[in-house]
Amino acid sequence: MKAHRWFAAALALIACNLFALDSVPKAEYHQRREALAGKLNGGFALLYAAEEPVLDFMPYRQDEDFYYLSGWNEPGAALLVIPAVDAVAETPGTGLGGRAAQAYREILFLPTRNPRMEKYTGPKMDAATSGAAATTGFDEVLPMTELPSVLNKLVSSDRARLRGMWTEKGSPQADATLNFLGATLGVGSLESSGDLAQLIVPIRAIKSSAEIELIRKATNASIAAQRAGMRAIRPGVRERTVAGVEIAKMMQEGCERPSYAPIVGSGPNATTLHYSENSRTMQSGDLVVIDEAGEYSMYASDITRTMPVNGHFTPRQREIYEIVLGAQRAAAAAFVAGKSKINDPLHKSPDSLDTVAFNYINEHGKDLHGQPLGQYMVHGIGHLVGINVHDPWDYSKPLDKGMVFTIEPGLYIPEEHIGIRIEDVFYINSDGHLEDLVSPLPHEASEIESAMRP
Ligand SMILES: [Mn+2]
């Protein structure tokens, strides 16, 4: 009876752990693995989960590509994807080159449970847990100890496979596996076929509707956080107090953590792009740039607003603010799915949203020396957003339907202690139109001033 009760309690804990995050449907992870299989050129893919931090009290965060393909959020696992291959006839008269057809195969390898470690990190699931395949959505779940022999069988049955193993570049576990396989097969060390990340980037860039829902949740929680932050700003308050108010609000709204180190930069700090010390006490007359957003079930949002610390923009601050907002709107209005690109540091390509914003800024307003303001736009106009707040992408390529990205023009004029950035997250919907996921948060200077009133 006691044992039975303990077992039920352990199961409940395991379920708690597994479903701590909202998940996209398990079938969707399966589709992603099959999409990857189609790009492996007859080779196979091996990925490892992120390792658990040792004696460091940072919360665990899964390797992003591993999570994208599996939804599995525990350390010590590996994932093998083996595409279907057609039968190949023997070369006549030689007995060589023959190969039997093989069906698509995917295996999640789970580590053996470690009762001592579980005292620290909580109960885990392993391959022997009943229903492991159904729970994880994988066709097969095997113990991690089986990985070497599965790999060995795979390559020894078809030596051509030796040149077909795709791994994650820089993964020490993948490198160790290649060395081990080479040694057991007597061929020295093996080279990986190539970097899996490069194959996964274009799949990961196009978001499914389930992913968009998670990004919406991250964004809505972050909008609530930014609103709470706006109400907490006043002269005499420390930057990090406001950063903390926003973290509290986003976590109350369901985020597991901020999706990047919060930036609350007031006065001179407003002109430092990635200022995150957040230690200054805000003063009347300052502007404060707040670049802060949360991560919801592994999906990021990314939002920036700029406020006057005393609740009222000066005429000059308002003038520059309106130019930055105009640049953001000009870039969004110029967007064409399948044609527009994001960054263009030289501002030459007319298809780049960066160029559109740069030109707008150069055509509006002047600095204290009568010069155009483009020189004060010192960073790119945006980036993709997803499991990483800066989701990977080849920025020489145009943006297309299903992608999510930021438009975040900024002007930083140290001489005037003016730093202004406005950043929204946009979704390119199935019609190819831009949807501003941050539209409920104030944009206009006057709306910002009203939102700051308690
Ligand atoms: Mn950003």
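Keep in mind it's a predicted model, so treat the numbers as computed, not measured.

Participant: Describe the overall build of the chain, listing the residues and the values that go with them.
Facilitator: For the chain, the helix and strand inventory stands at 13 helices and 17 strands. Counting only C-alpha atoms and orienting by the principal axes, one finds that the chain spans roughly 85 × 65 × 40 Å. Scored against the burial criterion, the 454 residues of the chain give a buried share of 40%. Intrachain contacts of the chain at a sequence separation of at least 6 include 68% that bridge at least 24 residues.

Participant: Can you explain the domain arrangement of the chain? Please cite residues and give values.
Facilitator: Often the size quoted for an interface is simply the accessible area lost on bringing the parts together. Examined at the domain level, the chain breaks down into domain 1 (20-204) and domain 2 (206-452). If you average the C-alpha positions of domain 1 and of domain 2, the two centres end up 38 Å apart. Tallying the contact residues gives 13 residues for domain 1 and 15 residues for domain 2. Mapped onto the side of domain 1 that touches domain 2, the elements with two or more residues apiece are α3 (64-70) and α8 (196-205). Looking at the side of domain 1 that touches domain 2 element by element, the count peaks at four residues for α8. In terms of residue class, the side of domain 1 that touches domain 2 is made up of nine nonpolar, no polar and four charged.

Participant: Any details on the packing of helix α11 (residues 315-334) against helix α12 (residues 353-362)? Residues and values, ideally.
Facilitator: The N-to-C vectors of α11 and α12 enclose an angle of 140°; their axes lie 8 Å apart at closest approach. Like other packed secondary-structure pairs, α11 and α12 cross with a definite hand, here right-handed. Across the interface between the two elements, I323, G326, A327, A330, A331 and A334 from α11 touch L353, V356, A357, Y360 and I361 from α12.

Participant: Quick one: what's the story with unusual backbone geometry, residue by residue and with numbers?
Facilitator: Despite not being glycine, N278 has its phi angle at roughly 50°, a positive value. Within the secondary structure layout, N278 lies in the loop between β8 (263-266) and β9 (287-291). One non-glycine residue, S297, lies in positive phi territory at about 50°. Of note, S297 is situated in the loop between β10 (294-296) and β11 (299-300). Residue S297 is classed as buried on the basis of its 21 C-beta neighbours within 10 Å.

Participant: Just give me the short version of the sheet that holds β10, but keep the residues and values in it.
Facilitator: Spatial strand order, β7-β10-β11: three strands in an open sheet with antiparallel pairing. Two strands close off the open sheet at either side, each with one partner strand: β7 (257-258) and β11. Relative to β10, helix α9 (residues 209-232) is tilted by about 145°, and along the sheet it contacts β10 and β11.

Participant: Give a description of the sheet that holds β9 that names residues and reports values.
Facilitator: Pairing is antiparallel in the open sheet, where three strands are placed in the order β8-β9-β12. What marks the edges here is a single partner per strand, and that holds for β8 and β12 (304-308). The mean inter-strand angle of the sheet, taken between neighbouring strand axes irrespective of direction, is 15°. Pairing between β8 and β9: four bridges, direction antiparallel. Counterpart to S266 in the pairing with β9 is V288.

Participant: Quick rundown of α12? Include the residues and the values.
Facilitator: Of all 10 residues in α12, eight are buried, a share of seventy percent or more. The inward-facing, buried residues of α12 contact α11, β13 (404-407) and β14 (410-413).

Participant: Residues and numbers for the nonpolar core, please.
Facilitator: Proteins that are soluble and globular tend to have nonpolar side chains buried together. Within the largest apolar cluster, 111 residues are counted, with the highest numbers of intra-cluster contacts made by A78 and V288. At seven residues, α9 tops the list of elements feeding residues into this core. When residues of this core are assigned to domains, at least three map to each of domain 1 (20-204) and domain 2 (206-452). When near neighbours in sequence (up to four residues on either side) are disregarded, V288 contacts I233, V264, G265, S266, A270, M282, M307 and V309.

Participant: Just give me the short version of the packing of α9 against helix α10 (residues 239-252), but keep the residues and values in it.
Facilitator: In the contact formed by α9 and α10, the axes pass within 8 Å of each other and the chain directions differ by 145°. The interaxial crossing formed by α9 with α10 has right-handed handedness. The segment α9 lies against α10, with A221, S222, A224, A225, Q226, A228, G229 and A232 engaging T241, V242, V245, E246, K249 and M250. The class makeup of the residues in the contact of α9 with α10 is eight nonpolar, four polar and two charged.

Rules used in this analysis
Residues numbered from 1 in each chain as written. Predicted model: local features only at pLDDT ≥ 70, side-chain atom pairs only at ≥ 80, totals over all residues. Helix = DSSP H or I, 4+ residues; strand = E, 2+ residues; numbered from the N terminus. Buried ≥ 20, exposed ≤ 12 C-beta atoms within 10 Å, placed from the backbone. Contact = placed C-beta atoms within 7 Å. Domains from an automatic or database assignment. Nonpolar A, V, L, I, M, F, W, Y, C, P; charged D, E, K, R; others polar. Axes fitted to C-alpha atoms, helices over the stretch in contact; angles between N-to-C directions. Left-handed = near helix turned anticlockwise from the far one by under 90°. Pairing = 2+ DSSP bridges. Core = buried A, V, L, I, M, F, W, Y, C linked by C-beta atoms within 7 Å.

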